[in-house]
Amino acid sequence: MIMVILSENKSKDMEKICCIGHITRDKIVTPKSTVYMAGGVAFYFSYAINNLPKLVDYTLVTKLADEDLPSAEEMKEKGVKVTVFPSKQTVFFENIYGENSDDRKQRVVAKSDQFCIEEMEGIDAKIFHLGTLLSDDFSLDYVKELSKRGRISIDAQGFLREVRGEKVFPVDWQEKREWLKYIDIVKVNEMEMAVLTGEEDPRKAAQILASWGPSEVLVTLGSLGSLILHNGEFIEVPPYKTDNVVDATGCGDTYMAGYLYCRAQDKSPRESGCFAAAMCTLKLAHNGPFSGSIDDIKAICKDDISF
(Lines give C-alpha, C1' and ligand atoms only; values in the text may rest on other atoms or scores of the structure.)
Protein backbone atom coordinates (compact mmCIF):
# COMPACT_ATOMS: atom_id res chain seq x y z
CA MET A 1 0.00 0.00 0.00
CA ILE A 2 1.29 3.45 -0.95
CA MET A 3 1.62 6.00 1.82
CA VAL A 4 1.94 9.72 1.12
CA ILE A 5 3.42 11.97 3.82
CA LEU A 6 2.43 15.56 3.32
CA SER A 7 4.64 17.45 5.77
CA GLU A 8 7.80 17.49 7.82
CA ASN A 9 8.19 15.72 11.18
CA LYS A 10 8.17 17.87 14.30
CA SER A 11 10.18 17.60 17.49
CA LYS A 12 10.31 14.14 19.03
CA ASP A 13 10.33 15.81 22.44
CA MET A 14 6.70 16.91 22.06
CA GLU A 15 3.81 14.77 23.23
CA LYS A 16 1.93 13.39 20.24
CA ILE A 17 -1.71 13.30 19.20
CA CYS A 18 -2.84 11.33 16.17
CA CYS A 19 -6.35 11.67 14.73
CA ILE A 20 -7.45 8.84 12.44
CA GLY A 21 -10.48 9.56 10.32
CA HIS A 22 -11.97 10.27 6.93
CA ILE A 23 -12.10 13.75 5.47
CA THR A 24 -15.51 13.99 3.83
CA ARG A 25 -16.86 15.62 0.71
CA ASP A 26 -20.06 17.36 1.83
CA LYS A 27 -22.98 18.69 -0.18
CA ILE A 28 -25.06 21.12 1.84
CA VAL A 29 -28.41 22.08 0.35
CA THR A 30 -30.56 24.87 1.82
CA PRO A 31 -33.55 26.73 0.38
CA LYS A 32 -31.12 29.48 -0.66
CA SER A 33 -28.00 27.67 -1.85
CA THR A 34 -26.08 24.48 -2.60
CA VAL A 35 -22.53 24.35 -1.27
CA TYR A 36 -19.80 21.71 -1.66
CA MET A 37 -17.06 21.61 0.97
CA ALA A 38 -14.73 19.32 2.92
CA GLY A 39 -15.85 18.19 6.36
CA GLY A 40 -15.87 15.38 8.89
CA VAL A 41 -14.28 14.84 12.31
CA ALA A 42 -10.77 14.75 10.83
CA PHE A 43 -11.30 18.07 9.05
CA TYR A 44 -12.64 20.09 12.01
CA PHE A 45 -10.36 18.44 14.59
CA SER A 46 -7.22 19.01 12.50
CA TYR A 47 -7.85 22.66 11.72
CA ALA A 48 -8.75 23.38 15.34
CA ILE A 49 -5.61 21.86 16.81
CA ASN A 50 -3.44 23.34 14.06
CA ASN A 51 -4.55 26.83 15.03
CA LEU A 52 -3.12 26.41 18.54
CA PRO A 53 0.52 26.97 19.61
CA LYS A 54 2.67 24.04 18.48
CA LEU A 55 3.07 22.54 21.96
CA VAL A 56 2.09 19.05 20.81
CA ASP A 57 3.13 17.07 17.73
CA TYR A 58 -0.02 16.42 15.71
CA THR A 59 -0.60 13.94 12.88
CA LEU A 60 -3.70 13.18 10.83
CA VAL A 61 -4.15 9.75 9.21
CA THR A 62 -6.88 9.74 6.56
CA LYS A 63 -8.11 8.02 3.40
CA LEU A 64 -9.10 9.79 0.19
CA ALA A 65 -9.89 9.03 -3.43
CA ASP A 66 -7.38 10.52 -5.87
CA GLU A 67 -9.71 13.32 -6.96
CA ASP A 68 -10.03 14.56 -3.38
CA LEU A 69 -6.31 14.74 -2.53
CA PRO A 70 -6.42 18.57 -2.79
CA SER A 71 -8.22 18.57 0.60
CA ALA A 72 -5.12 17.03 2.19
CA GLU A 73 -2.77 19.24 0.17
CA GLU A 74 -4.56 22.31 1.48
CA MET A 75 -4.11 21.05 5.05
CA LYS A 76 -0.40 20.57 4.38
CA GLU A 77 -0.15 24.16 3.16
CA LYS A 78 -1.70 25.26 6.46
CA GLY A 79 0.95 23.31 8.40
CA VAL A 80 -0.88 20.07 9.27
CA LYS A 81 1.11 16.83 9.09
CA VAL A 82 -1.05 14.43 7.05
CA THR A 83 -0.61 10.78 6.13
CA VAL A 84 -2.96 9.81 3.29
CA PHE A 85 -3.88 6.29 2.25
CA PRO A 86 -5.72 5.61 -1.00
CA SER A 87 -9.41 4.75 -1.05
CA LYS A 88 -11.67 3.86 -3.96
CA GLN A 89 -14.07 6.55 -2.79
CA THR A 90 -14.16 9.50 -0.40
CA VAL A 91 -16.99 9.64 2.14
CA PHE A 92 -19.68 11.83 0.60
CA PHE A 93 -22.45 13.22 2.83
CA GLU A 94 -25.46 15.05 1.44
CA ASN A 95 -27.33 17.22 3.95
CA ILE A 96 -30.60 18.81 2.82
CA TYR A 97 -32.11 21.45 5.11
CA GLY A 98 -35.64 22.85 5.01
CA GLU A 99 -36.74 26.33 6.05
CA ASN A 100 -36.31 25.14 9.64
CA SER A 101 -32.59 24.42 10.11
CA ASP A 102 -33.46 21.56 12.49
CA ASP A 103 -35.23 19.82 9.59
CA ARG A 104 -32.39 17.87 7.98
CA LYS A 105 -32.39 14.92 5.61
CA GLN A 106 -29.03 13.16 5.37
CA ARG A 107 -27.74 10.49 3.05
CA VAL A 108 -24.37 8.91 2.37
CA VAL A 109 -23.68 8.97 -1.36
CA ALA A 110 -20.27 7.22 -1.03
CA LYS A 111 -18.22 5.50 1.68
CA SER A 112 -14.44 5.22 2.09
CA ASP A 113 -12.53 2.03 2.76
CA GLN A 114 -12.19 0.86 6.36
CA PHE A 115 -8.99 1.73 8.20
CA CYS A 116 -6.48 -1.13 8.67
CA ILE A 117 -4.00 -1.51 11.54
CA GLU A 118 -1.18 -2.31 9.08
CA GLU A 119 -1.39 1.30 7.93
CA MET A 120 -0.26 2.49 11.37
CA GLU A 121 3.23 1.01 11.14
CA GLY A 122 5.72 3.64 12.25
CA ILE A 123 3.02 6.03 13.51
CA ASP A 124 3.07 6.51 17.27
CA ALA A 125 1.23 8.84 19.66
CA LYS A 126 0.41 9.44 23.29
CA ILE A 127 -3.28 9.79 22.34
CA PHE A 128 -5.05 8.33 19.30
CA HIS A 129 -8.36 10.05 18.53
CA LEU A 130 -10.68 8.00 16.32
CA GLY A 131 -12.58 10.37 14.03
CA THR A 132 -15.47 7.99 13.49
CA LEU A 133 -18.16 9.06 11.02
CA LEU A 134 -19.96 5.74 10.56
CA SER A 135 -20.20 2.62 12.71
CA ASP A 136 -17.97 0.52 10.44
CA ASP A 137 -15.04 2.94 9.96
CA PHE A 138 -12.95 0.80 12.32
CA SER A 139 -12.96 -2.82 13.44
CA LEU A 140 -12.77 -3.96 17.06
CA ASP A 141 -9.49 -5.74 16.31
CA TYR A 142 -8.08 -2.42 15.06
CA VAL A 143 -8.90 -0.72 18.36
CA LYS A 144 -7.58 -3.61 20.45
CA GLU A 145 -4.21 -3.39 18.71
CA LEU A 146 -4.06 0.41 18.76
CA SER A 147 -4.79 0.46 22.51
CA LYS A 148 -1.45 -1.26 23.08
CA ARG A 149 0.34 1.77 21.63
CA GLY A 150 -1.33 4.70 23.39
CA ARG A 151 -4.52 6.07 24.91
CA ILE A 152 -7.65 5.86 22.74
CA SER A 153 -10.17 8.70 22.49
CA ILE A 154 -13.53 8.66 20.70
CA ASP A 155 -16.61 10.76 20.12
CA ALA A 156 -19.49 8.27 20.30
CA GLN A 157 -21.53 10.05 17.61
CA GLY A 158 -20.17 8.07 14.65
CA PHE A 159 -20.82 4.73 16.34
CA LEU A 160 -24.53 5.60 16.51
CA ARG A 161 -24.94 6.00 12.74
CA GLU A 162 -25.70 3.12 10.41
CA VAL A 163 -26.00 3.35 6.63
CA ARG A 164 -28.61 1.25 4.84
CA GLY A 165 -28.49 1.91 1.14
CA GLU A 166 -27.78 5.63 1.15
CA LYS A 167 -29.90 6.53 4.17
CA VAL A 168 -28.45 7.17 7.63
CA PHE A 169 -30.26 5.64 10.59
CA PRO A 170 -29.69 6.38 14.31
CA VAL A 171 -28.89 3.14 16.14
CA ASP A 172 -27.57 1.95 19.46
CA TRP A 173 -23.96 0.81 19.52
CA GLN A 174 -24.43 -2.94 19.83
CA GLU A 175 -20.85 -3.85 20.80
CA LYS A 176 -20.33 -0.81 23.03
CA ARG A 177 -19.34 -2.73 26.18
CA GLU A 178 -16.69 -4.74 24.36
CA TRP A 179 -15.30 -1.68 22.55
CA LEU A 180 -15.24 0.56 25.63
CA LYS A 181 -12.92 -1.85 27.42
CA TYR A 182 -10.21 -0.46 25.14
CA ILE A 183 -11.28 3.21 25.18
CA ASP A 184 -9.70 5.68 27.63
CA ILE A 185 -11.64 8.87 26.79
CA VAL A 186 -15.19 9.01 25.43
CA LYS A 187 -17.34 12.04 24.61
CA VAL A 188 -21.14 12.01 24.33
CA ASN A 189 -23.87 14.62 24.18
CA GLU A 190 -27.22 14.40 25.97
CA MET A 191 -28.94 12.41 23.24
CA GLU A 192 -26.05 9.99 22.77
CA MET A 193 -25.67 9.27 26.48
CA ALA A 194 -29.38 8.40 26.70
CA VAL A 195 -29.21 6.05 23.71
CA LEU A 196 -26.12 4.30 25.05
CA THR A 197 -27.09 3.99 28.70
CA GLY A 198 -30.87 4.48 28.91
CA GLU A 199 -30.20 7.27 31.45
CA GLU A 200 -31.18 10.92 31.01
CA ASP A 201 -29.32 12.07 34.11
CA PRO A 202 -25.81 13.08 32.95
CA ARG A 203 -24.10 11.91 36.15
CA LYS A 204 -25.74 8.50 36.12
CA ALA A 205 -25.06 8.10 32.39
CA ALA A 206 -21.40 9.05 32.87
CA GLN A 207 -21.00 6.53 35.68
CA ILE A 208 -22.45 3.75 33.52
CA LEU A 209 -20.12 4.58 30.64
CA ALA A 210 -17.14 4.70 33.01
CA SER A 211 -18.08 1.30 34.44
CA TRP A 212 -17.61 -0.14 30.94
CA GLY A 213 -13.99 0.98 30.73
CA PRO A 214 -13.13 4.65 30.02
CA SER A 215 -11.29 6.56 32.74
CA GLU A 216 -12.54 9.88 31.33
CA VAL A 217 -16.15 10.47 30.27
CA LEU A 218 -17.07 13.84 28.76
CA VAL A 219 -20.73 14.84 28.54
CA THR A 220 -21.43 18.03 26.59
CA LEU A 221 -24.64 19.75 27.67
CA GLY A 222 -24.99 22.65 25.24
CA SER A 223 -25.79 25.92 26.98
CA LEU A 224 -25.35 24.21 30.37
CA GLY A 225 -21.65 23.57 29.79
CA SER A 226 -20.16 20.11 30.13
CA LEU A 227 -19.58 17.42 32.74
CA ILE A 228 -16.39 15.38 33.09
CA LEU A 229 -16.08 12.17 35.08
CA HIS A 230 -12.39 11.45 35.67
CA ASN A 231 -11.36 8.43 37.70
CA GLY A 232 -14.60 8.58 39.69
CA GLU A 233 -14.57 12.36 40.30
CA PHE A 234 -17.13 14.71 38.71
CA ILE A 235 -15.93 18.01 37.30
CA GLU A 236 -18.38 20.67 36.12
CA VAL A 237 -17.20 22.85 33.25
CA PRO A 238 -19.02 26.19 32.94
CA PRO A 239 -20.56 27.37 29.67
CA TYR A 240 -19.01 30.39 28.01
CA LYS A 241 -22.03 31.96 26.39
CA THR A 242 -22.22 33.90 23.16
CA ASP A 243 -25.06 35.74 21.47
CA ASN A 244 -23.37 35.36 18.10
CA VAL A 245 -24.23 31.84 16.94
CA VAL A 246 -23.31 31.49 13.25
CA ASP A 247 -22.29 27.86 12.65
CA ALA A 248 -22.42 24.92 15.07
CA THR A 249 -21.00 22.38 12.61
CA GLY A 250 -17.87 20.76 14.05
CA CYS A 251 -18.31 22.07 17.59
CA GLY A 252 -17.94 18.61 19.12
CA ASP A 253 -14.75 18.02 17.16
CA THR A 254 -13.44 21.43 18.24
CA TYR A 255 -14.17 20.53 21.87
CA MET A 256 -12.21 17.29 21.58
CA ALA A 257 -9.30 19.02 19.86
CA GLY A 258 -9.00 21.51 22.72
CA TYR A 259 -9.48 18.90 25.43
CA LEU A 260 -6.91 16.46 24.06
CA TYR A 261 -4.45 19.26 23.27
CA CYS A 262 -4.45 20.10 26.98
CA ARG A 263 -4.53 16.52 28.28
CA ALA A 264 -1.54 15.59 26.11
CA GLN A 265 0.35 18.25 28.07
CA ASP A 266 -0.92 16.81 31.38
CA LYS A 267 -3.25 19.72 32.10
CA SER A 268 -6.04 18.79 34.53
CA PRO A 269 -9.40 17.57 33.20
CA ARG A 270 -11.09 20.74 34.48
CA GLU A 271 -8.60 23.07 32.83
CA SER A 272 -8.77 21.00 29.65
CA GLY A 273 -12.57 21.17 29.66
CA CYS A 274 -12.58 24.95 30.18
CA PHE A 275 -10.10 25.39 27.34
CA ALA A 276 -12.23 23.18 25.07
CA ALA A 277 -15.45 24.99 25.97
CA ALA A 278 -13.89 28.37 25.19
CA MET A 279 -12.80 27.08 21.79
CA CYS A 280 -16.38 26.00 21.07
CA THR A 281 -17.70 29.45 21.97
CA LEU A 282 -15.30 30.99 19.46
CA LYS A 283 -16.14 28.36 16.83
CA LEU A 284 -19.87 29.10 17.10
CA ALA A 285 -19.32 32.69 16.02
CA HIS A 286 -17.74 31.78 12.66
CA ASN A 287 -18.42 29.62 9.61
CA GLY A 288 -16.01 26.75 8.96
CA PRO A 289 -13.45 25.27 11.34
CA PHE A 290 -12.06 26.97 14.46
CA SER A 291 -9.98 30.00 13.49
CA GLY A 292 -9.36 31.68 16.86
CA SER A 293 -6.07 32.16 18.68
CA ILE A 294 -4.72 31.25 22.09
CA ASP A 295 -5.22 34.86 23.14
CA ASP A 296 -8.89 34.66 22.13
CA ILE A 297 -9.26 31.52 24.25
CA LYS A 298 -7.53 33.13 27.23
CA ALA A 299 -9.83 36.12 26.99
CA ILE A 300 -12.85 33.85 27.41
CA CYS A 301 -11.43 31.43 30.01
CA LYS A 302 -9.69 34.14 32.05
CA ASP A 303 -8.66 32.51 35.34
CA ASP A 304 -9.86 29.01 34.38
CA ILE A 305 -6.65 28.08 32.51
CA SER A 306 -2.95 28.59 33.24
CA PHE A 307 -1.54 28.91 29.72
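Here we summarise the structure given alongside this text. (Residues numbered from 1 in each chain as written. Predicted model: local features only at pLDDT ≥ 70, side-chain atom pairs only at ≥ 80, totals over all residues. Heavy atoms only, no water.)

### A word on the packing of helix H5 (residues 190-197) against helix H6 (residues 202-211)
Quick reminder of the rule: Lines fitted to C-alpha atoms define the axes, with helix axes restricted to the stretch in contact, and inter-axis angles between N-to-C directions lie between 0 and 180 degrees. Labels follow the DSSP assignment, with helices taken as runs of H or I lasting at least four residues and strands as runs of E lasting at least two, numbered in each case from the N terminus. Each angle gets one of four labels, with under 35 degrees taken as roughly parallel, over 145 as roughly antiparallel, 65 to 115 as roughly perpendicular, and the rest as oblique. Handedness of a crossing is defined here by the sense of rotation of the near helix relative to the far one, left-handed for an anticlockwise turn of less than a right angle and right-handed for a clockwise turn. In what follows, residue pairs with any heavy atoms lying within 4.5 Å of each other are defined as contacts.
Relative orientation of the contacting elements H5 and H6 amounts to 55 degrees, with a least axis distance of 10 Å. Classified by the angle their axes make, H5 and H6 are oblique. Judged by the twist between their axes, the crossing of H5 over H6 is left-handed. Across the interface between the two elements, Met193, Leu196 and Thr197 of H5 pack against Pro202, Ala205, Ile208 and Leu209 of H6.

### A closer look at the pairing of strand E3 (residues 24-29)
For clarity, the cut-off: At least two DSSP bridges between two strands are needed for those strands to be called paired.
Of the strand pairs in this sheet, E3 and strand E4 (residues 34-39) are connected by six bridges, and their pairing is antiparallel. Within E4, the position partnered with Lys27 by the bridge is Tyr36. Bridge analysis of E3 against strand E7 (residues 92-97) gives five bridges, and the strand direction is parallel. Residue pairing in the sheet places Arg25 in a bridge with Phe92 of E7.

### Overview of the nonpolar core
To keep things clear, this is the line we draw: Here, the term nonpolar core denotes a set of buried Ala, Val, Leu, Ile, Met, Phe, Trp, Tyr and Cys residues that are joined through side-chain atoms within 4.5 Å. For each residue, the accessible area found with a 1.4 Å probe, counting protein chains only, is set against the maximum for its type, and the residue is called buried under 20%, exposed over 50%, and partly exposed in between.
Within the largest apolar cluster, 49 residues are counted, with the highest numbers of intra-cluster contacts made by Phe45, Ile49, Phe275 and Ile297. When residues in this core are grouped by element, the largest group, eight residues, is from helix H8 (residues 269-284). Setting aside chain neighbours within four positions, we find Ile297 in contact with Leu52, Phe275, Ala278, Met279, Leu282, Phe290 and Ile305. Within the second largest apolar cluster, 38 residues are counted, among which are Met120, Ile154, Leu180 and Leu227.

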